[in-house]
Amino acid sequence: MAGPAAGPGAPHGGHTAPASGPALRGAHVVLRRVTDADVPALEEILRQPEVKRWWMRDTWDRVDEEGSVTYAILVDGAVVGCIAYAEETDPDYRHAGVDLFVSTHHQGRGVGSDALRTLLAHLIDDRGHHRVIIDPAVDNERAIHVYEKLGFRRVGVLRRYERAADGQWRDGLLMELLAEEFVREP
Ligand SMILES: CC(C)(COP(=O)(O)OP(=O)(O)OC[C@H]1O[C@@H](n2cnc3c(N)ncnc32)[C@H](O)[C@@H]1OP(=O)(O)O)[C@@H](O)C(=O)NCCC(=O)NCCS
């Protein structure tokens, strides 16, 4: 999907994280807050067919979408993707929603798993979340595999949830991770 803040059960209350912050370090990736200078590289990635197929949007309107916190995924200092989260701030429903994409050239090398694992550790350990959600297209098997590997479980199908590039509504899969289910080590 195109951004972590959309969808039922997804955060809508705005984020409370600082506008900038320290980079997050994974086993191989570094997550650094996105800046305007990253936009050309990110738009180039978004235009790649295998990314656009699942993300849909191929332009970057704002560095941080309203209410979300966005990181560039860096490998050896180069921008190879993007990962973002948004938080529901109502204390009675507090949780985070996440989403990510990785350049076609870097897919299948563990980058997405490392980036998501790194962000989940931050959300659980530093920001105190007990529950995180994600909502891939129901037939995005690679993404679902990665999310289940890290401990996400399938909640249910979101029928005709998002509009694909061909203009057709397609189903999404709501997935959730409770903090104690997080698979921290590869
Ligand atoms: C989904 C995505 C973020 C995953 O990142 P990645 O760097 O490619 O993922 P990794 O290399 O860490 O892991 C890929 C895993 O998927 C598996 N995989 C690859 N193709 C698969 C398929 N068709 N079905 C099931 N699993 C598949 C790989 O074997 C690997 O699993 P393993 O670690 O158990 O061996 C990335 O592929 C991507 O950006 N895709 C396009 C945009 C997108 O779909 N974003 C997600 C929106 S919810």
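Residues numbered from 1 in each chain as written. Predicted model: local features only at pLDDT ≥ 70, side-chain atom pairs only at ≥ 80, totals over all residues.

Visitor: Whenever I open this one, the overall build of the protein confuses me. Can you help?
Guide: Looking only at helices and strands, the protein has four helices and eight strands in total. Within the protein, the fraction of its 186 residues that count as buried is 39%. (Helix = DSSP H or I, 4+ residues; strand = E, 2+ residues; numbered from the N terminus. Buried ≥ 20, exposed ≤ 12 C-beta atoms within 10 Å, placed from the backbone.)

Visitor: Looking at this model, I keep getting lost on the sheet that holds strand β2 (residues 30–33). Mind explaining?
Guide: The strands that make up a sheet pair up through hydrogen bonds in the backbone, lying either parallel or antiparallel. Across the sheet, eight strands lie side by side as β1-β2-β3-β4-β5-β6-β8-β7; this open sheet has mixed pairing. Edge positions in the sheet fall to β1 (24–25) and β7 (153–163), since each has one partner strand and no second. Taken together, the two bridges between β1 and β2 define a ladder with antiparallel strand orientation. Across the sheet, the residue bridging to Arg25 is Val30, located in β2. (Pairing = 2+ DSSP bridges.)

Visitor: I tried to follow the environment of Val155 on my own but got confused; where do I start?
Guide: The residue Val155 is located in strand β7 in this model. The class for Val155 is partly exposed, based on 13 C-beta atoms found within 10 Å. Sequence separation between Val155 and Glu176 is 21 residues, and the spatial gap between their C-alpha atoms is 6.7 Å.

Visitor: Looking at this structure, how should I read the environment of Met56?
Guide: Along the chain, the position of Met56 falls in the loop between α2 (49–55) and β3 (68–75). Between the alpha carbons of Met56 and Asp166 there is a distance of 9.7 Å; along the sequence they are 110 residues apart.

Visitor: For this particular structure, what's the right way to read the pairing of strand β5 (residues 95–102)?
Guide: Side chains on a regular strand alternate between the two faces of the sheet. Where burial is concerned, most of β5 is hidden: eight out of the eight residues are buried. Linking two consecutive strands that pair antiparallel, namely strand β4 (residues 78–88) and β5, is a turn of six residues. Viewed along the sheet, the connection from β5 through helix α3 (residues 111–126) into strand β6 (residues 131–134) turns out right-handed. (Right-handed = clockwise from strand over helix to strand, strands pointing away.)

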